[in-house]
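Listed here are the chains, written in short residue letters.
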Amino acid sequence: ICSDKTGTLTKGEMTVRRICASGKIIDVTGVGYEPKGEFHGSNSSLNVKNDKDLSLLLTIGTLCNNASLQNDNGTWRIMGDPTEGALIVTAAKAGFERAELEKQYPRVGEIPFTSERKRMTTIHLAPEGEQIAFIKGAPEIVLERCTRILEKGKEKKLTDAKTKEILGTNEKLASDALRVLGMAYKKLPATSKEFDEETVENDLVFVGLEG
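An account of the accompanying structure is given in this report. (Residues numbered from 1 in each chain as written. Predicted model: local features only at pLDDT ≥ 70, side-chain atom pairs only at ≥ 80, totals over all residues. Heavy atoms only, no water.)

### Overview of the pattern of salt bridges
Now for step 1: A complete count under the given rule lists 20 salt bridges for this structure.
Now for step 2: Across the pair Glu100 and Lys103 runs a salt bridge whose closest N-O atoms are separated by 3.6 Å. One end of the pair, Glu100, and the other, Lys103, are both in helix 3 (residues 98-104), three residues apart, so they sit about a helical turn from each other.
Now for step 3: The exposure class assigned to Glu100 is partly exposed, which follows from its relative accessible area of 44%.
Now for step 4: Among the salt bridges present, the one from Glu110 reaches Arg107, with a minimum N-O distance of 2.8 Å.
Now for step 5: Taken together, the shared-partner salt bridges connect Arg18, Asp27, Lys172 and Asp176 into one network. (Salt bridge = Lys/Arg side-chain N within 4 Å of Asp/Glu carboxyl O. Helix = DSSP H or I, 4+ residues; strand = E, 2+ residues; numbered from the N terminus. Buried < 20%, exposed > 50% of the residue type's maximum accessible area, 1.4 Å probe, protein only.)

What follows is the structure, encoded as structure tokens:
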């Protein structure tokens, strides 16, 4: 058996290195599971909370997630899947705490990840009173269920050209040895009680990628 992936084999840790939102590539600094790091755009560091698209991307990664981040006597650990843990750590670097987000968006449903589905969906009560589904998964699987894209805070039609551009970015990140996840959302009626993939996981709004 020939194998690689330093860090995954030796320590079992995953770290988000690069993010794509609103067509921008953002580099993320920091090592391991300690929630310390910065977000850098093409020219300078970013204040993530001033960027609605990036904030939503990190929120989706944190809440469509079953891992948790813990601090044991100064040592940061992940309980659960290392990839999911990396998403929580990245959001924490920007000041998004899982517990606070869960208060804002309590979970009311879940469509679990499976190797066949290659995606996971959680449904939450939104502060506005409606419900919202957060979806993460293999970028090509998530994209084929999207009809719109979030750009600079506005939902726009997802064109074939834009889809091709996103898949190209996905391939570039993957060629840099990054494991890439796509993130999307869908607003649902406040009265919805039954959540299944046929009704929830379509007509999605694409938000971005985390690698």
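### With respect to the packing of helix 1 (residues 52-63) against helix 2 (residues 82-93)
Now for step 1: Across the interface, helix 1 lies against helix 2 with an axial gap of 8 Å and an inter-helix angle of 140°. What the angle tells us is that helix 1 and helix 2 run oblique. The hand of the helix 1/helix 2 crossing is left-handed. Facing Leu58, Gly61 and Thr62 of helix 1, the residues of helix 2 in contact are Leu87, Ile88, Thr90 and Ala91.
Now for step 2: Residue composition of the contact of helix 1 with helix 2, by class: four nonpolar, three polar and no charged. (Axes fitted to C-alpha atoms, helices over the stretch in contact; angles between N-to-C directions. Parallel < 35°, antiparallel > 145°, perpendicular 65-115°, else oblique. Left-handed = near helix turned anticlockwise from the far one by under 90°. Contact = heavy atoms within 4.5 Å. Nonpolar A, V, L, I, M, F, W, Y, C, P; charged D, E, K, R; others polar.)

### A word on the side chain of Glu84
Now for step 1: Assignment of secondary structure puts Glu84 in helix 2.
Now for step 2: Not counting the four nearest positions on each side in its chain, Glu84 is found in contact with Cys64, Asn65, Asn66, Ala67, Met120 and Lys136.

### Description of the state of the cysteines
Now for step 1: In this structure the tally under the stated criterion is zero disulfides.
Now for step 2: Looking at Cys146, it has no disulfide partner, and the nearest cysteine sulfur is the one in Cys64, 13 Å off. (Disulfide = S-S within 2.5 Å.)

### Describing helix 5 (residues 160-175)
Helical geometry: 3.6 residues make up each α-helical turn, so side chains three or four residues apart lie on a common side.
Now for step 1: For helix 5, built from 16 residues, the straight-helix expectation of 22 Å at 1.5 Å per residue is met to within 8% by its first-to-last C-alpha distance of 22 Å.
Now for step 2: Residues Lys162, Thr163, Ile166, Thr169, Asn170 and Leu173 constitute the buried set of helix 5. One face of helix 5 carries all of its buried residues, which in axial projection span an arc of 120°. The exposed residues of helix 5 that point more than 90 degrees off its buried face are Asp160, Ala161, Lys164, Glu171, Lys172 and Ser175.
Now for step 3: Residues of helix 5 that are buried sit in contact with strand 1 (18-21), strand 2 (24-28), helix 4 (139-143), strand 9 (146-151) and strand 12 (204-210). (Expected span 1.5 Å × (residues − 1). Arc of directions from axis to C-beta.)

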